[in-house]
Amino acid sequence: RIMRPDDANIAGNVHGGTILKMIEEAGAIISTRHCNSQAGEPCVAALARVERTDFLSPMCIGEVANVSAEITYTSRHSVEVQVNVMSENILTGAKKVTNKATLWYVPLSLKNVNKVLEVPPIQYTRKEQEDEGKKRYEEQKLDRLETKQRNGDVILPVINPEPHTVGYSQSSLIHLVGPSDCTLLGFVHGGVTMKLMDEVAGIVAARHCKTNIVTASVDAINFHEKIKKGCVITVSGRMTFTSNKSMEIEVFVDADPFVDEPRERYRAVSAFFTYVSLSKEGKPLPVPQLLTETEDEKRRFEEGKGRYLQTKAKRQAQMQQAAQ
Amino acid sequence: RIMRPDDANIAGNVHGGTILKMIEEAGAIISTRHCNSQAGEPCVAALARVERTDFLSPMCIGEVANVSAEITYTSRHSVEVQVNVMSENILTGAKKVTNKATLWYVPLSLKNVNKVLEVPPIQYTRKEQEDEGKKRYEEQKLDRLETKQRNGDVILPVINPEPHTVGYSQSSLIHLVGPSDCTLLGFVHGGVTMKLMDEVAGIVAARHCKTNIVTASVDAINFHEKIKKGCVITVSGRMTFTSNKSMEIEVFVDADPFVDEPRERYRAVSAFFTYVSLSKEGKPLPVPQLLTETEDEKRRFEEGKGRYLQTKAKRQAQMQQAAQ
Amino acid sequence: RIMRPDDANIAGNVHGGTILKMIEEAGAIISTRHCNSQAGEPCVAALARVERTDFLSPMCIGEVANVSAEITYTSRHSVEVQVNVMSENILTGAKKVTNKATLWYVPLSLKNVNKVLEVPPIQYTRKEQEDEGKKRYEEQKLDRLETKQRNGDVILPVINPEPHTVGYSQSSLIHLVGPSDCTLLGFVHGGVTMKLMDEVAGIVAARHCKTNIVTASVDAINFHEKIKKGCVITVSGRMTFTSNKSMEIEVFVDADPFVDEPRERYRAVSAFFTYVSLSKEGKPLPVPQLLTETEDEKRRFEEGKGRYLQTKAKRQAQMQQAAQ
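The rules behind the values
- Residues numbered from 1 in each chain as written.
- Chains lettered and ligands numbered in written order.
- Predicted model: local features only at pLDDT ≥ 70, side-chain atom pairs only at ≥ 80, totals over all residues.
- Heavy atoms only, no water.
- Contact = heavy atoms within 4.5 Å.
- Buried area = accessible area lost by both parts, 1.4 Å probe.
- Salt bridge = Lys/Arg side-chain N within 4 Å of Asp/Glu carboxyl O.
- Polar contact = N/O pair within 3.5 Å; in protein donor to acceptor, adjacent residues only side chain to side chain.
- UniProt positions renumbered as here; feature names shortened; annotations may be inferred.
- Helix = DSSP H or I, 4+ residues; strand = E, 2+ residues; numbered from the N terminus.
- Buried < 20%, exposed > 50% of the residue type's maximum accessible area, 1.4 Å probe, protein only.
- Phe/Tyr/Trp six-rings, centres within 6.5 Å; stacked < 30°, edge-to-face > 60°.
- Lys NZ or Arg CZ within 6 Å of the ring centre and 35° of its normal.
- Core = buried A, V, L, I, M, F, W, Y, C linked by side-chain atoms within 4.5 Å.
- Least-squares fit on C-alpha atoms with pLDDT ≥ 70 in both.
- Expected span 1.5 Å × (residues − 1).
- Domains from an automatic or database assignment.

A word on the interface of chain C and chain A. Each partner contributes residues to the interface: chain C has 27 residues there, and chain A has 20 residues. Together, the buried faces of chain C and chain A total about 2,100 Å²; carbon and sulfur atoms form 65% of this surface. Taken as a group, Ile29(C), Ile90(C) and Leu91(C) account for 24% of the area that chain C buries against chain A, more than any other trio of residues on that side. In this assembly, chain C and chain A are joined by two salt bridges. Residue Glu88(C) pairs with Arg207(A) through a salt bridge whose shortest N-O separation is 2.2 Å. Taken together, the links from chain C to chain A amount to four residue pairs in polar contact (both at pLDDT 80 or more).

Okay, here's the thing in structure tokens:
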């Protein structure tokens, strides 16, 4: 579809969140279709996880986004989908890869939302494809367990914060979940949640560096718990780490089922977003360093540095591999 | 994309206007891409006309709309695009043709919006394709001249109208044209206009028969004049004809360039929409007959009857042809 | 949240209606949460009234709106919420107060929408707070009775009106109430209604003075009757008064429950909006004087003048108090 002014920031760059939302919609369609391809209980595929994804090149207002999706692996209860996004300038014909994302879906019964159904297996053309898929499946399963632990954390307000401290840029927004945010099962689309997360992370980044910013990458996102129609969701973000030219922001999503339900507020999703700052000509700018004050902030900064160095090392290894 | 509650009426049927908007977006993308495929002045394709289209089967919330578009003819300054819409129930896998539409686009220069550029010719696989396309081109050109004449008409308000009269159901809405309604040239997308027209026509139909209604077909729509960002548009509809099971509604779009421009209000588009009334089970219901009072209303009723009988005759001829 | 191009007019000023909608959403969330804080029948808070509110400074595209809400008084069946809106330019860090609004909500049972539930009392830190709240409660109750009386009024169409007359700028729009416009109870959010009212009032103001206009204030708005999903609402506006630099517009909302219900069209809301005209540099411009023709128009002009002078006197008294 054609990118509109509302999909973009004031410099004309399409929000990462808009792209994440399109990716998730494509993934939900292909995996729901697949899971219903055999006779049996009807189901809706729910997003369980998005693997780390890089925004390779910016998309602009007026360009057309081409989204394609393919199922690359199925386990007994989950589907792996590979989604590619290309931006196309229909005036010049130029096409660029914007994103490659890997998403995991789980089929939930339309009659009983707590029942996970079985996934029809796909055919692999080569045995290696299945083995590699299985390896990716095991890896993400492990990673999901780990992130569950860091979820108790809360963002507390800071009074009169100094510029470039964590408290200075931290932000949150609340959103009342409406019908068009939801799937047939009455739960929020993963893509809607990711769009809100990107919006908050973008505000944190812009408050910190006071320039035009764009999403560079999103760390793996796990969707621990479903969010129901009628909930209020609070999306909060705080900066955790800065390198010379990038900022890492941690985002939490908490759901508050305040009507009709005895349940307490709960953590539904959390993730790390990385942003870069751009000059008016679209060149990366240096980023003001984050000032850490408390012990927790210092610890999170070191953890962020760890993730940053790990990603950098991985990317260099890939480039060397590609160069050979 | 997946159809959401916001795309549909309370009975769950997707608005005809939502489908028209998707059709037009697909047409605009393919024709803009084609017109820029050769080196030369960059341009944006503007919608000039949509041929008569039937809504063959209703689309529902949760279904996926598959839209495909193909260029079928090019004249020196215009492009004919054929767009097909299929609805897919991803739970059952069932697919149905919802719409087939033919649209005409004209390439306008990005630098000078009043300059119509030349269209790169397409290759035909058979000579007959070109001849048939040329015939369609000549026919629509003739028809566009004719409809220009009935454009002086205005909808006058009626005080305390009786039920089932023209004045009772006539309706109008105003809309301030925002940035996301517009193309790169700063003019309203044809699809946005059609969606508003369908909204008004649907309200006229529902006011008349006080039941759940759906769009059955749209007569050829000509886009006489562009509408600029910042205009206020008034979309007005009145019922012109009823058969036993259908209602014809005439819709006008007037643009009011009230800020910063000396120009007067002008008629930008006009068209006929046909609606049917549905029971809770989705079966067509009889429609209360339209009460015509003035000479003009009686004349328009007879003209509507003429269009109705002509369409019916055409459809029967097609069915006989298909049966042979 | 960040203000987008669609939230604003062509000069980049965010519509007053967008701000009113955000205010109402915050109020609805905090009061629904409060009313469900004690065990008992689940309920949804419905907007009953918004006190007069001034737009203190304009908000622009790209700025972040910070909305905070606090419960300041509870009667047996209603909740008073104070909402503050700040605009923040995240590039410069500059913050400005945009709005302070006071809203009254009433808890309606989720099971039986016609049942008003009891509100859990809040704790006051000082006895005076409770007394002042009670005084505000009594005042608004009185005012609601008064406004019910002027509600029989209808806006009649005028044929070929002269510029600057009431008939020349009066406008109306119709809107089919969709699922996203509604609360969990299936009734239109007060904020959605206010946004449409501001849209119509803005078009009336722009038609009158043909310049860029912004909302300066909104008089107290009473929500007499709920509006159900599937209704068609007609929002009509007419100018009632002009001072040298401001225009007052009266707006009516009528609901037409045309499907499935025997009920007649009814008046749901009415209110006065005040607009100012701005030059390209954002300075207030003189406004063309309203030409009144009928006795009713002259009477309404005098009443508007009364409200204008009263507000002016109040503001001067406040400024003197503040200066002491």
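Turning next to the UniProt feature "active site" (unreviewed entry) in chain A. Residue and element names in this part refer to chain A. Those residues carrying the UniProt feature "active site" (unreviewed entry) are Asn9 and Asp198 in this numbering. Spatial clustering of the annotated residues is evident: they stretch over 190 residues in sequence, but the largest pairwise C-alpha distance comes to 12.1 Å. By the element assignment, Asn9 lies in the segment before α1 (16-35). On the accessibility criterion, Asn9 (16% relative accessible area) is buried. Look past the residues within four positions of Asn9 in its chain and what remains in contact with it is His15, Asn212, Ile213 and Val214.

Glancing now at the UniProt feature "domain: HotDog ACOT-type" (unreviewed entry) in chain A. Feature annotation in UniProt assigns "domain: HotDog ACOT-type" (unreviewed entry) to the following positions: residues 1-111 and 167-281 of chain A. Segment residues 1-111 of chain A splits into 18% helix and 41% strand. End C-alpha atoms: 33 Å apart.

A separate point is the interface of chain B and chain C. Of the residues lining the interface, 32 residues belong to chain B; the matching set on chain C comes to 31 residues. Contact between chain B and chain C buries roughly 2,600 Å² in total, counting both sides, with carbon and sulfur atoms accounting for 67%. Taken together, the links from chain B to chain C amount to two salt bridges. Of the charged contacts in the structure, one is a salt bridge between Asp256(B) and Arg207(C), with a shortest N-O distance of 3.6 Å. The interface formed by chain B and chain C holds one residue pair in polar contact (both at pLDDT 80 or more) in total.

What follows concerns the packing of aromatic side chains. Counted according to the given criterion, the structure contains 18 aromatic pairs over all chains. An angle of 70° between the planes, with centres 6.4 Å apart, marks the rings of Tyr73(C) and Trp104(C) as edge-to-face. Separated by 31 residues along the polypeptide, Tyr73(C) in strand β3 (residues 64-74) and Trp104(C) in strand β5 (residues 95-109) bring together distant segments of the chain. For the pair Tyr73(C) and Trp104(C), one class covers both residues: buried. Where Tyr73(C) meets Tyr124(C), the ring centres are 6.2 Å apart and the plane angle is 35°; that geometry is what we call tilted. In this pair, Tyr73(C) sits in strand β3 while Tyr124(C) sits in the loop between β5 and α2 (127-149), placing the two residues 51 residues apart along the sequence. Of the two residues, Tyr73(C) and Tyr124(C), neither departs from the other in class, the shared state being buried. Linked through ring pairs, Tyr73(A), Trp104(A), Tyr124(A) and Tyr137(A) together constitute an aromatic cluster. If you follow Arg307(C) out to its NZ or CZ, it ends over the ring of Phe272(C), 3.7 Å from the centre.

Judged by nonpolar contacts, the single largest core of 149 residues is most densely connected at Ile227(B), Phe273(B) and Ile227(C). In contact with Ile227(C), other than residues within four places in its own chain, are Val177(C), Gly186(C), Phe187(C), Val188(C), Ile233(C), Val253(C), Ala255(C), Tyr266(C) and Ala268(C). Counting residues in each nonpolar core, the second largest holds 74 residues, with Leu196(A), Ile213(A), Met239(A) and Ile90(C) among its members.

The two copies are related by a screw motion: chain C maps onto chain A through a turn of 120° and a shift of 0.1 Å along the axis, at an RMSD of 0.1 Å. Both chain copies can therefore be described as sitting about a three-fold axis. Counting the interface residues of chain C, we find that no more than 15% of their copies in chain A are interface residues as well, pointing to two distinct contact surfaces.

In this model, helix α5 (residues 295-323) of chain A (29 residues) spans 42 Å end to end at C-alpha, consistent with the 42 Å of a helix rising 1.5 Å per residue. Those residues of α5(A) lying buried are Glu297(A), Arg300(A), Phe301(A), Gly304(A), Arg307(A) and Thr311(A).

On to the domain arrangement of chain A. Residues and elements named next belong to chain A. Entries for chain A in the domain assignment read domain 1 (2-146) and domain 2 (166-323). Placing the centre of domain 1 and that of domain 2 at their C-alpha centroids yields a distance of 19 Å. Interface area for domain 1 against domain 2, summed over the two sides, is near 2,300 Å², with a carbon-plus-sulfur share of 61%. Connecting domain 1 to domain 2 are one salt bridge. Where domain 1 touches domain 2, the interface holds nine residue pairs in polar contact (both at pLDDT 80 or more).

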